[in-house]
Every structure is written in C-alpha cells, then in structure tokens.
Amino acid sequence: MGNKTEWFKGIFPALVTPFTQNDEIDEDAYRALIRHVLPHVDGLVPAGTTGEFSYLSIEERKRIIEIAVEEAGNRVPIVAGTGAQSTRETVELTRCAKDAGAAGALVVAPYYLKPSFNEVYEHFERVNEIGLPIILYNIPQCSGSHFRWWTAEGMAKNFENVVGIKDSSGDLPFMEAMFEKVKGEIGIFVGHDEVVAAALAAGADGAILASANLIPDLWQKIYQAVQAGDLATAQKWQAEVQKLVRIVVRCGSTQAVKEGLGMMGLPVGDSRHPIMPGGAFRREDREELRIQLENLGKIGRVEREFDLDGRVVTSQYPAVPRTPARFEGFTLKVGEGFAGPPFQELAHIDLLLGVKEGPVGRAIERALSEERPGHEVRVITERPRTLLAPTVTVRTAKQRRHVYEEAAKGVVQAIEAEIGAGVLPEDGLDELCMIANVFVHPAAAIRQRVMFNNFKAMRAAVRKALEGRPALDELINEKEAARHPFRYAP
Amino acid sequence: MPIKVPWMKGVYPALVTPFKKNGDVDEDSFRELIRHTLPNVDGLVPCGTTGEFNYLTVEEQKRLVEIAVEEAGGKPVIAGAGASGTRQAIQLVRNAKEAGATACLIVTPFFLHPSDKGVYQHYYDIAQAVDIPILLYNIPQVMDAYLPRRVVQDLADIPNIVGIKDSSGDLTYTMEVLEFAGDRIDVFVGHDEVVLPALAGGVSGMILASAQVYPEVWQAVIKAVQAGDLVEARRLQRSVQKLSRIFCRYGGGVAVKQALKMMGVDAGRPRRPLKSVGGALLHEDRAEIRLELERLGKIESKSTDFSFPQAALAERFGDLELSASAIKEAKLRLGTGKVGKSPEWAQLDLVAGPKDSPLGDAYAYQLTYPLHRREALTTILEPNLTVRPATLILPAVEQMNLRQANMIYGPTQSAVAKAIVDALEAGVVPQTAMDDEVMVVLASVDPRALDRHALYHNVRAAMTEAIEQAFGGGSDG
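Residues numbered from 1 in each chain as written. Chains lettered and ligands numbered in written order. Predicted model: local features only at pLDDT ≥ 70, side-chain atom pairs only at ≥ 80, totals over all residues. Heavy atoms only, no water.

**Student:** What's the story with the overall build of chain A in this structure? I'm lost.
**Tutor:** Along the backbone of chain A there are 16 helices and 15 strands. In terms of overall dimensions, chain A is globule-like: its C-alpha atoms have a radius of gyration of 26 Å, near the 23 Å expected for 490 residues. Oriented by its inertia axes, the alpha-carbon framework of chain A measures out at about 80 × 50 × 45 Å. Counting only residues that meet the buried cut, chain A has 61% of its 490 residues in that class. Looking at chain A alone, contacts between residues at least 24 apart form 69% of all its contacts between residues at least 6 apart. (Helix = DSSP H or I, 4+ residues; strand = E, 2+ residues; numbered from the N terminus. Rg over C-alpha atoms; globule rule 2.2 N^0.38 Å. Buried < 20%, exposed > 50% of the residue type's maximum accessible area, 1.4 Å probe, protein only. Contact = heavy atoms within 4.5 Å.)

Structure, rendered in structure tokens:
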C-alpha cells in the first residue's frame, strides 16, 4: 500500500532565490549556491517558502526550477515549490514543474482566503490529476491554516500521486498523528529546523530546511546519526545548531539565510520587498547569526592589520565580505549595541573605543579622578582598559547589583569572547581602551538576562565600532522605514 | 419568564481593592474610595477583576461586599462572585447575598476550560442554588476563552439571570449577544475603549475600571447618546481614550490605583505577583497617566518655566566645557534651528567637529558622567541603527519626569536621526564626516510639549536648519 517513493528521504535544502542589485534573479549566484550545497544533500527544493515563491512571477518560478534540474543533473531529485492561492495557478505551475523535469512538487495549502478543508481536499485532487508526484505542505505560520490530520490522511490514501508531506509547523503531536496514520505509505518530512532531530528520531523520513542552505553538512550528519541509531550524536549536533536555526526560523527566515550566505562568501542579495534588511531579521539577530556561523566554522579567520595611531598589529579576524581591509582611525570609535528581549532586561550599550592617548583614554582617567554620586564608574578589565559607566542614575541596591555585577559580568565576558575570536587584537590590548556606557532598566528583574543581553550587546558594539557600522547605504535605505520604539504614545 | 431589572443601566465602577503595606485589605481606604466615587455613579461593583478578586480570601470578599453595601447609600451593589469551580462560586454568591448585595457578577469559569455544557451547568447550578440576580461575565483577555454566545442565549431564559458584562471590547460579540439575548437580559460594556460604540449599539450601561477615575465623563457620554448628540459623545470618548487604553491594556487595576493616588485617593498597592509599577505598567506609562489627568483637569499641572537658550550660539556649549574661543580655535562647525509653535516648538543647537578636537574629548566625557537629569543619548534611527557621524543629544533643560524625558528619547531622537541621514543623503554632511567627526546637539524641548507627532516634525525641520548652517556655509561658526 501507499505511494512512497525511494528518492524522497534525507536532507533537502529549501533554496533561497538570489536576486541582483536591480531585483532580478541572479542565475550565477543561484548556480553557485546549488554547487555549494549539492555534495551534502539528497535533493533540492527550488521555489519554496524560503525561495520567496510568493514574490516570483510564473516565468521566474519556472526558470529557477529548470536551473535546479540542470545543475542537479540526475544526481539528486528536484522537488519544486508549485503552490499558489488558486487551484488554477497551482495546476499550471505543477504542469510547468513536470515539463521542466522535476521529480516532484511541493504544494502548499491554499492561503489568504481560507478555504474549508473539503475545498482544500478538492484543490489537491485537481493537482493530483497532473501525474507529478506531490508533497503536501503544511506551514500554518504563513498560510494561516493548519492541516487537519484527517485531511492529510485522506489525501495520502486517496490520491495516487501524493508521495509525501512536509510539516513545517513544528507541531510534533500533528507529526505523531501522521506517523500513526500514514507512516510507510508516504514520506513524512519535517520542515521546522528547531525540531529536526526530534522528528527524525520519532520516524520522519527526512527534512526540507531553510538552514540547509547554510549548514547542509551538519544536517546530513544529524540525519546519518539517526539512521545509524546514534541519538546522542544527533542530539549533540542539534544542540550545536539550535541557536542558529532558531534565528532562521523565527527571525526573518529568507533574509537571515541570505545574509548568512553572504557572510560565508556566497553573495545572494537581499530578499524582495517588503522583506527588508533590519526588518524581521533584526540587527541583533544578524550579529548573533554571524557569531554562530563562526562557532560552526562557516566563517573563517583571515589576517587583518590594526593601525593603532602608528603602531601596527595584526589579528586573525573573523572577517565577512563587508569587513574593512584594514582597521585605522583609533582616535575615537563609536559603537552601539542593543539586545533583548525581554523589554525590562534589554541591554543598550554605547561604546567608545580608542587609543589611551586619545579622548577615550583621557575621559577614563578623568572620570576615575572624580566623585560620581549615583554614577560610580569602574574599570572592569585592564586588557583593554575598560571603564563601565551606568547610563541611568543608580538608586537602589538591586540596580547596583544589576549594573556592577550582572551587566559588568556580561561586558567582561564579551570582551574575552572578542579577544578569543580575534576581533580585539591580542597584541594591541595594552594600547587600546574602552568606555562602555550601559543602560539597565530600573525595573529589570531577571539577572541572567541582564548579564546575557549585555554580553550580546557588548559583542555587537565592539564589532560595530571597529567595522564602522552601520554603513551609509544601510542608513539611507532604512531611514524612512526605521521604527523608533519610543516615538509613539502608549 | 425573565424580567429585566430596572437598575441594569448607567455607570458602575469596578472598584479596586486597597491593600495596606503589610498586604491586608485597607478598609478605611476602601470606604474613602467609595465616598469619592459615589456621587457620580449609579451603583458599585466590589470584588471584580479590577478588585483583584482572585487574590482575595472568601472572608475578605464578604467583608468588602458588606462595606460596599454600607457605603452605597441605597444604590445597587453588584458583587463579584466568580470562581474557577462551581462549588466555590456558589459559596461566594451565598456570602454576597448575606452581605446584602443586589446582584452577583459571575465570571466564566477559568483555568481548566470546561466545555459549553460545563459552562452552562456552572451558571445554571449557581442560579438554582441562590435566589439573587446574576450577571454573566465575558472577559476573554484573562480567560483565554469567550463565554459562548449560544450558551448566553440559553442562560438568558433563567429568571434570575438578568444581564451580562462584556469586557471583550469585541463589538461583533456584543452585537451578537444583543441580537440573541437582548430581549431577555441587559448588556453592560466592560471595555473602557469602546463605551460609545457599545452604547450606540444598544448596551444599557457599563462596569468600568475607569469609572472610579472619571465617572462624570461616562455619565456625560450616556446623556449625549440618549440625546442623540453623537458629536458630543465622540468628543467625550476621545478625551479619555488614551487613559482608557492605558487602564485596559497596561495593568488594569494596577494602573487605576496609580491614577487614584495621583488624584489624592490612596488605594494602596496591588497584591503580589503584581507590582505597582515596573510590571505590566511601565514607568513611562505611569508618567503618561499623570499627564493625561492634568489634561483632564483631574490634577493640577506643575507648570514649568521654560525659555530657549538666549546666549550667542558659540556661548551655548558651556556644559560641554567648550568656550566660544575654544570652538573658534578648533574651527568647530556651529548651527542652530528653531521651528514650531508653543509648546511643541524646538530649538536645536549643533556643534560638530573632528574627533581629535576638544569636541572629541567632550563627547567621551559625557558618556562617563552624564549631567544630572540631562543624560545625553547617542542618536539612533532605531536600536542598532546608529547614526553616523556619531551624535550625542544633550537635553537643554532638566528632565523632571519620564514623560518629559520620553519626548527627548522618543520623538526628538528619532527626528534628529532622520535629519542627519537626510543631510548625508543630500551630501550636505560629507561622507568622510561619518568616520572623522562627532556632533553634539543641544536640544531645547518645552516641558509642556504634548503632541509627539508635531514635536517630531518640528525637531526634524530645526535639525535640518542647524545642519545646513553648520555644514553648508563654511566650518567656522
């Protein structure tokens, strides 16, 4: 019984669709991306949700499916995203995919207007008639409707071309119901990056993932470990990638993957509007994504020179394509770091970095020589000499603890981490100094978050100060749309 | 058959429960609160959601109802008597009746989510057990579930079920209840933000948290609606819209207690886990409550003298330890702009220059020791989108409260940021300045400024003027 195929298993990346500066499909970048992932994957998914299918014309969708087929060259199957809102368009796209040589079609539940489930069933019945193998696609986060298990079960059992289901909901009880009803009859794939190891261990046949653009090799490792019955290894790697994939899944998916690929040296442009940089993929997420890619060995280190007002030192720096070729101008560098949530425990750091003989060093020594009622400053580390100054007047014992213990701990650990990462040059630590002006909300309560948000904010502030970010184009592109959180009345 | 009761109309305050420092119910304050409110209301509601009923013991609830009855001077008292379980609710309703309550307000059973049948049986059992008029109570914000309309429709047949309080603010629900049960029971609106549309839709009255803060406004709204004067009714509703929103969305009874305190009625603190301020009610929103009460004339405004800096431009940066001669010597750029009408007018005095000038030192020093109540802030378009050249905003006058401070770190900061990037985009500020220079803006914003949007536009225009002066016509101010 069942329509299960041999080829629908393993790790399939939901490919992003690269765009050029003028918003056209960048075929070269797309081919480069496919070549980057191909050695590690069991199939490719062009024009899926991560591929921004909903922003593509029919011709563009057709074209990226063709290219994927061409590049894969029979080595792996192509599962083409062909979902659309209307049955008519879905049928047309699925026909195109068939003609282009796709092995199957990933068909999302019709969205926006929310058809009832008998209407959904008959939608897929029409698609079934085309004769191309179909993978049902449940992604309630976007489509607004969650497959009922009886709808999925009915389609799996009644439609001869339904060979699989991709469940991106992350709803494991739903997945368990699928295993109960149709395991072995169709391929059951997980599409939620945060629960891959759990789903595979529970019986999923494979995964279609946005983050498999970035780390196809690691997902393959997890898949293989589960196949070999080695759950400990699968769990260990899932934990290693958890933060990275949480950012991808929850914080802007396609833009996050695209910027991550850019950091790894595979430029694929930005998402099409209305998705934009610094939107759902927030700047603090970008800093974190970069650090996670560094930790996973996806961003390498290269030698960079630091001209510390005459004395040149070097460091093995985790550079991304936008990192300056050389660091100079250490009179005074300014960096801002903001990290949250939660609101009351957010961290906001204004950082000044410079050589000791400059304005930063002079301000530190002067501050230490003066009385500071309510604003006591402290040197929290000597390499580089770093002054912690509170933004808000410290009035209570709780605030004292939050600023001088928790936030200070986060800032010091961030400095150590940046020295370890090669961002702050070990050989320049005696020349450099910093002022970290830290904001801790008077109503903060969760000490661990105060510490950790300051850790994150400080790492971001150091990098932004050094690398001269944000850049002019970022400021200009986002000036009009920028959302200042305190501009509005409650 | 059900008979409507004559008192199901008008304005009822959902009274807060005052607590002493040690956490005990403060009976004296409760009486004082009732005396403050009574002249403008048609009845009282003790032990409702705003009254923190779920943090009260059975004995405390009974006592509060007794006091309300004593103080009500014959006006009806609708006692909150809801509970998660039916057995407990019946006990509370019996107690309320003994204490002399006119009716009981029974919230939809919560926490465990009973089926529609269970919900029906809950109200049915209570109505059978105690002979007292009962109000149903829909408040999905805290329940995470609606009292189903079909259940309401059936419950309305029970003779001693006389009304429903709908706090959802969801007018489609209100209209549905009026449609299917309005012939047998009366509907009270319980959501302060939609009183007027609910009245216009056909509800007969209201039970509101804000009806102990500005009951006279709600009385006037009822009057205007009855007179068919919708223009006046809208004006009145609009006059309390922001405060009502704060009460509804940012802390409920907690926010009401703060407002009462500002008005001189000590309603104490909430019981834990709620915090007086800094929890659901942010410090910033508390400051906003004060401003709105001032605007309504409920409390006196502390008018603050204000004037723009008058000295010659080069003399205005003494707080940065920059004298006119030092500015001249270092060839710093200067500019100023003043735009708008009182009180949303703004003056921006700008100094810009190289990082290795005295301005660089002043910039660094400001971040180690901000001026008291004039803490400088780094200009950002939004968090993590820092403007360059790096720019500090220094408030010209002391920030006496968070609401006033918010005008600086909200609309002012946002507008300064946009003006700077406008100037970068237009080439007025050269790209090289992003790395080589820093700027400090002395921002003079009137403490009486109310309208954030107007302020934002004035600051953006004033900052644009200041930048053009500083960067447009040579570097020497």
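**Student:** Got a minute to help me understand the interface of chain B and chain A in this structure?
**Tutor:** How big an interface is tends to be expressed through the accessible area that disappears when the partners come together. Taken together, the 54 residues of chain B in the interface contact 56 residues of chain A. Of the roughly 4800 Å² buried between chain B and chain A on both sides combined, carbon and sulfur atoms contribute 58%. Of all residues in chain B, the largest losses of buried area upon contact with chain A belong to L367, T368 and N384 of chain B, amounting jointly to 15% of the total for that side. Of the charged contacts in the structure, one is a salt bridge between E480 of chain A and R460 of chain B, with a shortest N-O distance of 3.3 Å. Counting every contact that joins chain B to chain A gives 25 residue pairs in polar contact (both at pLDDT 80 or more). Where the side of chain B that touches chain A is concerned, the elements lending two or more residues are α11 (241-249), α13 (283-295), α15 (358-368), β11 (380-382), β12 (385-386), α16 (402-426) and α18 (452-472) of chain B. Sort the elements by how many residues they give to the side of chain B that touches chain A and α16 of chain B lands first, with eleven residues. Here the side of chain B that touches chain A is built from residues that sort into 22 nonpolar, 14 polar and 18 charged. (Buried area = accessible area lost by both parts, 1.4 Å probe. Salt bridge = Lys/Arg side-chain N within 4 Å of Asp/Glu carboxyl O. Polar contact = N/O pair within 3.5 Å; in protein donor to acceptor, adjacent residues only side chain to side chain. Nonpolar A, V, L, I, M, F, W, Y, C, P; charged D, E, K, R; others polar.)

**Student:** Just to check I follow, could you spell out α16 of chain B for this structure?
**Tutor:** In an α-helix, one full turn covers 3.6 residues, which means residues spaced three or four apart are oriented alike. Residue and element names in this part refer to chain B. Between its first and last C-alpha atoms α16 spans 35 Å; for 25 residues at 1.5 Å apiece the expected length is 36 Å, and the two agree. For α16, the buried fraction is high: 21 of the 25 residues fall into the buried class. Sitting at the amino-terminal end of α16 is N401, which places a side-chain oxygen 3.0 Å from the backbone nitrogen of R403. Two residues or fewer past α16, G427 is found with a positive phi of approximately 85°. (Expected span 1.5 Å × (residues − 1).)

**Student:** So what exactly am I meant to see when it comes to the packing of aromatic side chains here?
**Tutor:** Within a pair of aromatic rings, the relevant descriptors are the distance that separates the centres and the angle that separates the planes. This model, assessed by the stated rule, comprises 23 aromatic pairs over all chains. Between F486 of chain A and Y409 of chain B, the ring centres sit 5.4 Å apart and the planes meet at 80°, which makes this aromatic pair edge-to-face. Of this pair, F486 of chain A sits in the segment after α16 (472-478) while Y409 of chain B sits in helix α16, on two different chains. Here the aromatic cluster, defined as three or more aromatic residues joined through ring pairs, consists of W7, F8, F12 and F189 of chain A. Seen from the ring of W149 of chain A, K181 of chain A lies directly overhead, with NZ or CZ sitting 4.2 Å from the centre. The side chain of K333 of chain A reaches across the aromatic face of F330 of chain A, ending 5.1 Å from its centre. (Phe/Tyr/Trp six-rings, centres within 6.5 Å; stacked < 30°, edge-to-face > 60°. Lys NZ or Arg CZ within 6 Å of the ring centre and 35° of its normal.)

**Student:** I tried to follow the pairing of strand β15 (residues 432-440) of chain A on my own but got confused; where do I start?
**Tutor:** Looking along a regular strand, one sees the side chains alternate between the two faces of the sheet. Residues and elements named next belong to chain A. Taking burial as the measure, the nine residues of β15 include eight buried ones, the bulk of the element. Relative to β15, strand β12 (residues 347-355) runs antiparallel, the two being bridged by nine bridges. Looking at the pairing, L353 lines up with M434 of β15. Across six bridges, strand β14 (residues 385-390) lies against β15 in parallel orientation. Within the sheet, the bridge partner assigned to P390 lies in β15 and is V438. (Pairing = 2+ DSSP bridges.)

**Student:** Is there a simple way to explain the domain arrangement of chain B in this structure?
**Tutor:** All names here are of chain B. Segmenting chain B into domains produces domain 1 (10-295) and domain 2 (313-472). The C-alpha centroid of domain 2 is placed 47 Å from the C-alpha centroid of domain 1. Contact with domain 1, which involves seven residues of that partner, is made by five residues of domain 2. Between domain 1 and domain 2 the total buried area reaches about 550 Å² when both faces are included, carbon and sulfur atoms providing 67% of it. Scanning the region where domain 1 abuts domain 2 turns up one salt bridge. Between R452 and E288 there is a salt bridge whose closest N-O contact spans 2.7 Å. Counting every contact that joins domain 1 to domain 2 gives two residue pairs in polar contact (both at pLDDT 80 or more). (Domains from an automatic or database assignment.)

**Student:** Teacher, can you tell me more about unusual backbone geometry here?
**Tutor:** For residues other than glycine, phi is negative in most cases, and the peptide bonds are mostly trans. Note that the residue after H273 of chain A, namely P274 of chain A, is joined by a cis bond; omega there is 15°. Each neighbour pair has its own omega, and for R272 of chain B with P273 of chain B the value is 15°, a cis peptide bond. Here P273 of chain B is to be found in the loop between α12 (253-262) and α13. Despite not being glycine, D309 of chain A has its phi angle at roughly 50°, a positive value. Take D309 of chain A: it is sitting in the loop between β8 (302-308) and β9 (311-317). Residue D309 of chain A is classed as partly exposed on the basis of its relative accessible area, which comes to 49%. With phi around 55°, K331 of chain B is a residue other than glycine that occupies positive phi space. With respect to the helices, strands and loops of the structure, K331 of chain B is situated in the loop between α14 (324-329) and β8 (333-339). The exposure class of K331 of chain B is exposed, given its relative accessible area of 56%.

**Student:** Looking at this structure, I do not really get the pattern of salt bridges. What am I missing?
**Tutor:** A side chain of one charge can pair with a side chain of the opposite charge if their charged atoms are brought near each other. Residues and elements named next belong to chain A. All told, the structure shown has 80 salt bridges over all chains when counted by the stated rule. Among the ionic pairs, K243 bridges to E288, the shortest N-O distance being 3.7 Å. In this pair, K243 is assigned in helix α10 (residues 231-250) and E288 in helix α12 (residues 283-295), connecting sequence segments 45 residues apart. We classify E288 as buried; its relative accessible area is 12%. Of the charged contacts, one joins D307 and R326 as a salt bridge, the two residues approaching to 3.6 Å between their closest N and O atoms.

**Student:** Help me out: how do you make sense of the packing of α10 of chain A against α12 of chain A in this one?
**Tutor:** When two helices pack together, their arrangement is given by the angle between the helix axes and by the axis-to-axis distance. Residues and elements named next belong to chain A. The interhelical angle for the contact between α10 and α12, taken along N-to-C directions, is 150°, at an axis separation of 10 Å. In terms of crossing hand, the pair formed by α10 and α12 is left-handed. Only D285, E288, L289, Q292 and L293 of α12 make contact with α10, whose side of the interface consists of E240, K243, L244, I247 and V248. Split into classes, the residues belonging to the contact of α10 with α12 amount to five nonpolar, one polar and four charged. (Axes fitted to C-alpha atoms, helices over the stretch in contact; angles between N-to-C directions. Left-handed = near helix turned anticlockwise from the far one by under 90°.)

**Student:** Looking at this structure, I do not really get the side chain of R385 of chain A. What am I missing?
**Tutor:** All names here are of chain A. Structurally, R385 can be placed in strand β14. Since its relative accessible area comes to 17%, R385 is described here as buried. Within the structure, the side chain of R385 is placed 2.6 Å from the side chain of E382, a separation counted as a polar contact. If we skip the residues at most four places from it in the chain, R385 touches K356, I364, E365, L368, V379, L429, L432, C433 and M434.

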